[in-house]
Number of protein chains: 2
Amino acid sequence: MQPTPRTIPSRLAKRAQYDDQTVYSILDEALFCTVSCVINGQPFSLPTAFVRYENVLYLHGSVGSHFIREIEKGIPVCITVMLTDALVVAKSAFHHSVNYRSVVLFSSAEKIESYEQKAEVLKWVTEKMVPNSWEYLRPMTESEVKKTTVLGFKIEEASAKIRTGMPIDDEEDTALPIWSGLIPLGSGRGTPIADDFSKNVPLPEHLRHLQ
Amino acid sequence: MQPTPRTIPSRLAKRAQYDDQTVYSILDEALFCTVSCVINGQPFSLPTAFVRYENVLYLHGSVGSHFIREIEKGIPVCITVMLTDALVVAKSAFHHSVNYRSVVLFSSAEKIESYEQKAEVLKWVTEKMVPNSWEYLRPMTESEVKKTTVLGFKIEEASAKIRTGMPIDDEEDTALPIWSGLIPLGSGRGTPIADDFSKNVPLPEHLRHLQ
């Protein structure tokens, strides 16, 4: 993908990535996104499940949802996804950070009208939520497909932003006897991992319940 | 809080809750929110850390961030938070769902100018991320506070939306020999919990790696 003025971050642009595979891998790991749009000049946003297939991100919702009925008109949307991998615990509060993988996507909806294509997307959503479950479930009915709106958003203007690795403390702080490192997220709060400057620093009491 | 036309969901309004304590408890458990605003008619949104204190939600960011510099003007924002507790696995794809606790908040920024108040909010953010760590860290410097913008958003127009409990299948499906129940989220994918209609149904192969 080509960067555009609105997909180039104003801060820490070196963390941005534009290749399809990086963007797709984040979209495929995340179960939920936040969709934002403008209605009468006011921002609205909603967290929801989604699935990616090739270069399209798909959402579904009830045909009765006001939000879906607004965005199905094809108005501009901004879709964000964030996976949070770890809290980055530095020796100073200022250098605390988060290891994350996020995507920001600008697009607009194309409503999927074909019965077969709608049914296919609903299968993909189910398989993303619970892999290999589709054939096991009670088959979907025609009426269920008809009660559901499916929208596709081309992934043509998007960027990923990624932070990995240990805290980056001020040079003069690195020798301080203060524990710094990562607290993994995602499977609750996991075991703290000390960085190179903390190998001989005891884990402080307020972090020990994570060991 | 009083419901307003934009905080009453168009779908499943019975899931909405407006009491302060419910909204605050979700905001206090979630580490990250998504902030959306409108710039030149276009929706923009960004995931970020936050902290609540009394009836105000606080964000912070670099004074150099374009996004922060737009929302600090006091333009309307929509802030969403979602905690995902479980995948709800029904006997039909149509009745699959998610147990979640979400908040949607409409507000606008007030820039915090007082040095002491900024420093206090940065302490709250740090303590939310890593409880009881503030006194242990290298003290914050005046220059660090000055490099950071802190914005407060009054929590006056907000709603929580919550789904809990087991799947709700169609009456005629409840006797089918298909496993249904919950897959806990939050600490990775946890052990599936069978519902009342699945006590004697073996867990299917594609879910067994979660046991």
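The notes below deal with the structure included here. Bear in mind the structure is a predicted one, so any value in this text is a computation, not a measurement.

Calculation notes
- Residues numbered from 1 in each chain as written.
- Chains lettered and ligands numbered in written order.
- Predicted model: local features only at pLDDT ≥ 70, side-chain atom pairs only at ≥ 80, totals over all residues.
- Heavy atoms only, no water.
- Helix = DSSP H or I, 4+ residues; strand = E, 2+ residues; numbered from the N terminus.
- Buried < 20%, exposed > 50% of the residue type's maximum accessible area, 1.4 Å probe, protein only.
- Contact = heavy atoms within 4.5 Å.
- Areas by Shrake-Rupley, 256 points an atom, 1.4 Å probe, with all protein chains shown as cover.
- Salt bridge = Lys/Arg side-chain N within 4 Å of Asp/Glu carboxyl O.
- Buried area = accessible area lost by both parts, 1.4 Å probe.
- Polar contact = N/O pair within 3.5 Å; in protein donor to acceptor, adjacent residues only side chain to side chain.
- Pairing = 2+ DSSP bridges.
- Core = buried A, V, L, I, M, F, W, Y, C linked by side-chain atoms within 4.5 Å.
- Least-squares fit on C-alpha atoms with pLDDT ≥ 70 in both.
- Phe/Tyr/Trp six-rings, centres within 6.5 Å; stacked < 30°, edge-to-face > 60°.
- Lys NZ or Arg CZ within 6 Å of the ring centre and 35° of its normal.
- Expected span 1.5 Å × (residues − 1).
- Disulfide = S-S within 2.5 Å.

## Overview of the overall build of chain A
- Broken down by element type, chain A carries five helices and 11 strands.
- When burial is assessed residue by residue, chain A has 56% of its 211 residues classed as buried.
- Partitioning the intrachain contacts of chain A with sequence separation of at least 6 by distance along the chain shows that 67% fall at a separation of at least 24.
- Just so you have it, chain A exposes about 9700 Å², and 51% of that area is on carbon and sulfur atoms.

## A word on the pattern of salt bridges
- A full pass over the atoms with the stated rule returns 22 salt bridges over all chains.
- Taking the shortest distance from any N to any O, the salt bridge between Asp173(A) and Arg138(B) comes out at 2.8 Å. Placement of Asp173(A) in the loop between β9 (157–162) and β10 (181–184) and of Arg138(B) in the loop between α3 (115–129) and α4 (142–146) is noted, with the two residues assigned to different chains. Per residue, the accessibility class of Asp173(A) equals that of Arg138(B), and both read buried.
- Within the structure, one salt-bridge network assembled from shared partners comprises Arg138(A), Glu144(A), Asp170(B) and Asp173(B).

## Looking at the interface of chain A and chain B
- With 71 residues of chain A in contact, the opposing surface of chain B contributes 71 residues.
- Taken over both partners, the interface formed by chain A and chain B buries close to 5400 Å², and the fraction arising from carbon and sulfur atoms is 68%.
- On the chain A side of the interface with chain B, the three residues burying the most area are Met129(A), Tyr136(A) and Arg138(A), jointly 13% of the side's total.
- Across the chain A-chain B interface, the total number found is four salt bridges.
- Scanning the region where chain A abuts chain B turns up 13 residue pairs in polar contact (both at pLDDT 80 or more).
- Residue assignment for the side of chain A that touches chain B shows that the elements contributing at least two residues are β2 (32–39), β3 (42–49), α2 (66–71), β6 (76–89), β7 (97–111), α3 (115–129) and α5 (205–208) of chain A.
- In terms of residue count, β6(A) provides more of the side of chain A that touches chain B than any other element does, nine residues in total.

## Topic: the pairing of strand β5 (residues 56–62) of chain A
Residue and element names in this part refer to chain A.
- Buried residues dominate β5, accounting for five of its seven residues.
- Pairing between strand β4 (residues 51–53) and β5: three bridges, direction antiparallel. In the strand pairing of β5, arginine 52 is matched with leucine 57.
- Where β4 folds back on β5, the antiparallel hairpin that results is connected by two residues, among which glutamate 54 adopts a positive phi of roughly 50 degrees.
- Judged from the seven bridges that link them, β5 and strand β8 (residues 148–154) form a sheet pairing that is antiparallel. When the bridges of β8 are listed, glycine 61 appears paired with threonine 149.

## Considering the nonpolar core
- Leu57(A), Ile71(A) and Phe153(A) are the most contacted members of the largest nonpolar core, which has 33 residues in total.
- By size, the runner-up hydrophobic cluster in this structure holds 32 residues, among which are Val104(A), Ala30(B), Val81(B) and Val103(B).

## Examining the relation of the copies chain A and chain B
- Mapping chain A onto chain B calls for a rotation angle of 180 degrees and an axial translation of 0.0 Å; the resulting RMSD is 0.0 Å. These values place the two chain copies in the arrangement generated by a two-fold rotation axis.
- When the interface residues of chain A are mapped onto chain B, 100% of them are again interface residues, pointing to one common binding face.

## Concerning unusual backbone geometry
- The phi angle at Asn40(A) is positive, at roughly 55 degrees, despite the residue not being glycine.
- Along the chain, Asn40(A) turns up in the loop between β2 and β3.
- Classification of Asn40(A) as exposed rests on a relative accessible area of 79%.
- Unusually for a residue other than glycine, Asn132(B) sits at a positive phi of about 65 degrees.
- Note on placement: Asn132(B) falls in the loop between α3 and α4.
- The exposure class assigned to Asn132(B) is exposed, which follows from its relative accessible area of 58%.

## Looking at the packing of aromatic side chains
All names here are of chain A.
- Scanning all chains against the criterion turns up six aromatic pairs over all chains.
- By way of ring pairs, the aromatic residues Tyr53, Tyr58 and Trp124 are connected into one cluster.
- Sitting above the plane of the phenylalanine 50 ring, lysine 128 keeps its charged end 3.6 Å from the centroid.

## A closer look at α3(B)
- End to end, α3(B) covers 21 Å across 15 residues, agreeing with the expected 21 Å (1.5 Å per residue, within 8%).
- Taken together, the buried positions of α3(B) are Lys118(B), Ala119(B), Val121(B), Leu122(B), Trp124(B), Val125(B), Thr126(B), Lys128(B) and Met129(B).

## Topic: the environment of Gly152(A)
Residues and elements named next belong to chain A.
- Mapped onto the fold, glycine 152 is located in strand β8.
- In this structure, the C-alpha to C-alpha distance between glycine 152 and valine 121, residues 31 residues apart in sequence, is 9.4 Å.
- Excluding anything up to four places from it in sequence, glycine 152 contacts Val56, Leu57, Tyr58, Ser108, Ala109, Glu110 and Ile112.

## With respect to the pairing of β8(A)
All names here are of chain A.
- In terms of burial, β8 is a largely internal element, six of the seven residues being buried.
- As paired strands, β7 and β8 are joined by three bridges and run antiparallel to one another. Bridge pairing in β8 places lysine 111 opposite leucine 151.

## Brief notes about the state of the cysteines
- Applying the stated criterion across every chain, the model contains zero disulfides over all chains.
- No disulfide involves Cys78(A); its sulfur sits 9.0 Å from the nearest other cysteine sulfur, which is in Cys37(B).

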